[in-house]
Every structure is written in C-alpha cells, then in structure tokens.
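Descriptive structure summary
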Amino acid sequence: MQKCKSCERELQKDEIDFCPSCASSKSHKIKKIIEVATPIAIAIGGIAFKLLRKK
C-alpha cells in the first residue's frame, strides 16, 4: 500500500501521493505564497517600468 509523501499515512485507493489533509495544507501554502508574491512582483515591475521610461 502506498503512503503519503508528507506524513507517511497509508493512502486509500483513490488518493495519489498525498493524503487529503496534507494536500489541503499544501494547496493553502501555495495560495499564500502567490498572494504575497503578486504585489511584490507588481511593485518591482512598476519601479522597473518607471526607471526604463525615464531614459
């Protein structure tokens, strides 16, 4: 029987790689990273655009 890659819990037939609990927390982490990274990327892009436009 396969085990979860994160917590080593035995997986059911329809579960692949991660158990539902670990998959949920993993997707939540990814969403948080995207929420934080998006404004940072927009700010950096805006600053770069302003600097390049002045020249």
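Relevant structure appears above.
Each value, and the rule that gives it
Residues numbered from 1 in each chain as written. Predicted model: local features only at pLDDT ≥ 70, side-chain atom pairs only at ≥ 80, totals over all residues. Heavy atoms only, no water. Helix = DSSP H or I, 4+ residues; strand = E, 2+ residues; numbered from the N terminus. Buried < 20%, exposed > 50% of the residue type's maximum accessible area, 1.4 Å probe, protein only. Patch = residues over 30% accessible without salt bridge, like charges linked within 9 Å, V, L, I, M, F, W, Y side chains within 5 Å. Areas by Shrake-Rupley, 256 points an atom, 1.4 Å probe, with all protein chains shown as cover. Salt bridge = Lys/Arg side-chain N within 4 Å of Asp/Glu carboxyl O.

Its identity is not glycine, yet Glu8 carries a phi of approximately 70 degrees, on the positive side. Mapping Glu8 onto the fold places it in the segment before α1 (20–54). Given a relative accessible area of 49%, Glu8 falls into the partly exposed group. Positive phi, close to 70 degrees, is recorded for Asp17, a residue that is not glycine. Tracing the chain through its elements places Asp17 in the segment before α1.

Before going further, it helps to examine a nonpolar patch on the surface. On the surface, a cluster of nonpolar side chains totalling about 290 Å² of accessible area is made up of Val36, Ile40 and Ile44. Residue placement: Val36 occurs in helix α1. Among the residues examined, Val36 registers a relative accessible area of 53% and is labelled exposed.

Glancing now at the pattern of salt bridges. One pass over the full model with this rule turns up three salt bridges. For Lys5, the salt bridge is made with Asp17, and the minimal N-O distance between the two is 3.7 Å. In this pair, Lys5 is assigned in the segment before α1 and Asp17 in the segment before α1, connecting sequence segments 12 residues apart. Between Lys32 and Glu35 there is a salt bridge; the shortest N-O distance is 3.7 Å. Of the two residues, Lys32 and Glu35 both sit in helix α1, three residues apart, roughly one turn of that helix. Glu35 sits in the exposed class, given a relative accessible area of 52%.

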